[in-house]
Amino acid sequence: MSAETDLGGAIKVPVELGDRSYNVWVGPGIHRELHQVIPGDVSRVAVITQAAVAEAGITVDPGVEHRVFITDDDEHIKTLGAVEELCREFAQWGLTRRDAVVAVGGGAVTDLGGFTAAVYHRGIRVVYVSTTLLGQIDASVGGKTGVNLPEGKNLVGAFWQPSAVLCDTEALDTLPTEEMRSGLGEMAKYHFIADADLDSLGMTERIARCVEIKAEVVAADERESGRRAVLNYGHTLAHALEADGGYDLRHGEAVAVGLVYAAELAHRTGRIDAERVDEHHRVVGGYDLPTCLPDGADADALVSLFSRDKKAVDGVTFMLDGPDGIQPVTGLEPAVLRETLEAIR
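Keep in mind it's a predicted model, so treat the numbers as computed, not measured.

Peer 1: What exactly am I supposed to notice about the overall build of the chain here?
Peer 2: Each helix and strand counted, the chain has 11 helices and 12 strands in total. For 345 residues, the compact-globule formula gives about 20 Å, and the C-alpha radius of gyration of the chain, at 20 Å, lands near that figure. Put simply, 69% of the contacts in the chain that link residues at least 6 apart link residues at least 24 apart. Of the roughly 14,500 Å² of accessible surface on the chain, 46% is carried by carbon and sulfur atoms. The chain carries 31 positive and 55 negative side-chain charges, and their two centres are separated by 6 Å.

See the structure below:
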């Protein structure tokens, strides 16, 4: 691993993007080092955090004048109305384009905080303090920000890279079990998109390795024009399950089922052998995540939803494993998609 240690004992993972490069720091208690990563010319910081994070005792001190803005929890905070409210409060306080936003919490608050920073004064700096496993290995790295519309998730957003990211592994001790499982589903994905040997690593090192893999993908394809789609491995079925609803699955649990489905589909289309499929089952099962469709899942409804996936520009598109790694595959017959769904019941 190319990561190194020099800030509060944390592991440093660089995200190489030229003059917009930044570091991701992974370690226990790293949120206490926030003041060290705030750009030196910043005089005021707007700290956006979630009620549950504050209640868990996770507070930050950016080392300059700051004001705390507390949002609700979960995905429903990601609205244009919330962005407008924050921007108005920033303006009333006198936040300038030379100041910064710090978003403390999970993926919802970093999405909201990042997008608000991207549009306030046409863009001010933002730092993330990520407190969930899903946020640390996915949402906080790569610069994708956004909010939801009634018509769908993340339909309004911007690519806006942070100045730094702090992934506090100590905060994971406060996570509910279901939140941790959601992150583990995304972690399982990283075993395959870079053939990473995560099994031999402790949790902090495992998180850092996942961040490193994502950083390498983002550096090669910042704006999701090609290779970055590999980060959606397992997500086509996952998004369909989430859209169909009623299955009581967290995002990571849906991704876990999606990983197994993608492996079975790749096997049925001759791209991988049975041993590679078994590896998917072993990894996903090793995280104590589901490997089968939830009870009552309607195969026809799911196949119909596949065509609405954001990758589906030339018909249904799946990211599938194969001899050249994970690649987009189109032209899959609906009958094969249905048969494979039935095979994982």
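Don't stop here, the text continues.
Peer 1: Is there a simple way to think about the side chain of Asn-148 in this case?
Peer 2: Along the chain, Asn-148 falls in strand S8 (residues 144-149). Taking relative accessible area as the criterion, Asn-148 reaches 14% and is therefore assigned buried. A distance of 2.8 Å separates the side chain of Asn-148 from the backbone nitrogen of Asn-154, its partner in a polar contact. Dropping the residues within four chain positions of it, Asn-148 is found in contact with Glu-75, Lys-78, Thr-79, Lys-153 and Asn-154.

Peer 1: Help me out: how do you make sense of the environment of Arg-250 in this one?
Peer 2: Along the chain, Arg-250 falls in the loop between helix H7 (235-244) and helix H8 (251-268). Arg-250 sits 71 residues away from Glu-179 along the chain, and the two C-alpha atoms are 7.8 Å apart.

Peer 1: Help me understand helix H6 (residues 203-220), please; the structure alone is not making it clear to me.
Peer 2: Side chains of residues three or four places apart in an α-helix project in the same direction, reflecting 3.6 residues per turn. In this model, H6 (18 residues) spans 26 Å end to end at C-alpha, consistent with the 26 Å of a helix rising 1.5 Å per residue. On its buried face, H6 is in contact with strand S2 (10-15), strand S3 (22-27), helix H4 (133-139) and helix H5 (177-193).

Peer 1: Looking at this structure, how should I read the packing of aromatic side chains?
Peer 2: Counted according to the given criterion, the structure contains 6 aromatic pairs. Taking 5.4 Å as the distance between ring centres and 85 degrees as the angle between the ring planes, the aromatic pair formed by Phe-90 and Tyr-120 counts as edge-to-face. On the criterion of sequence distance, the pair formed by Phe-90 in helix H2 (residues 80-93) and Tyr-120 in the loop between helix H3 (107-119) and strand S7 (125-130) is long-range, its members being 30 residues apart. Take Tyr-120: its relative accessible area is 7%, and that puts it in the buried class. Between Tyr-261 and Phe-318, the aromatic rings sit 5.7 Å apart at their centres with planes inclined by 55 degrees, giving tilted as the arrangement. Within this pair, whereas Tyr-261 is found in helix H8, its partner Phe-318 is found in strand S11 (residues 317-320), the two being separated by 57 residues in sequence. Comparing Tyr-261 with Phe-318 shows no difference in burial state: the two are buried. An aromatic cluster of three or more residues is present, and its members are Phe-69, Phe-90, Trp-93 and Tyr-120. Residue placement shows Lys-189 over the ring face of Tyr-190; its charged tip is 4.9 Å from the ring centre.

Peer 1: Looking at this structure, how should I read the side chain of Ser-130?
Peer 2: By secondary structure assignment, the location of Ser-130 is in strand S7. Look at Ser-130 and you get buried, because its relative accessible area is 0%. Beyond its immediate sequence surroundings of up to four residues, Ser-130 is in contact with Gly-105, Gly-135, Gln-136, Ser-140, Leu-166, Cys-167 and Asp-168.

Peer 1: What is the right way to read the packing of helix H10 (residues 299-306) against helix H11 (residues 334-343) from this model?
Peer 2: The axes of two packed helices give the description: the angle between them and the distance between them. It is the contact of H10 with H11, at a shortest axis distance of 10 Å, that shows an interaxial angle of 130 degrees. Comparing the axis directions of H10 and H11 gives the class oblique. Along this stretch, H10 crosses H11, giving a crossing that reads as right-handed. Between H10, through Ala-299, Asp-300, Leu-302, Val-303 and Phe-306, and H11, the contact on the second element is made entirely by Pro-334, Leu-337, Arg-338, Leu-341 and Glu-342.

Criteria and thresholds
- Residues numbered from 1 in each chain as written.
- Predicted model: local features only at pLDDT ≥ 70, side-chain atom pairs only at ≥ 80, totals over all residues.
- Heavy atoms only, no water.
- Helix = DSSP H or I, 4+ residues; strand = E, 2+ residues; numbered from the N terminus.
- Rg over C-alpha atoms; globule rule 2.2 N^0.38 Å.
- Contact = heavy atoms within 4.5 Å.
- Areas by Shrake-Rupley, 256 points an atom, 1.4 Å probe, with all protein chains shown as cover.
- Lys, Arg positive; Asp, Glu negative; His and termini not counted.
- Charge placed at Lys NZ, Arg CZ, Asp CG, Glu CD.
- Buried < 20%, exposed > 50% of the residue type's maximum accessible area, 1.4 Å probe, protein only.
- Polar contact = N/O pair within 3.5 Å; in protein donor to acceptor, adjacent residues only side chain to side chain.
- Expected span 1.5 Å × (residues − 1).
- Phe/Tyr/Trp six-rings, centres within 6.5 Å; stacked < 30°, edge-to-face > 60°.
- Lys NZ or Arg CZ within 6 Å of the ring centre and 35° of its normal.
- Axes fitted to C-alpha atoms, helices over the stretch in contact; angles between N-to-C directions.
- Parallel < 35°, antiparallel > 145°, perpendicular 65-115°, else oblique.
- Left-handed = near helix turned anticlockwise from the far one by under 90°.

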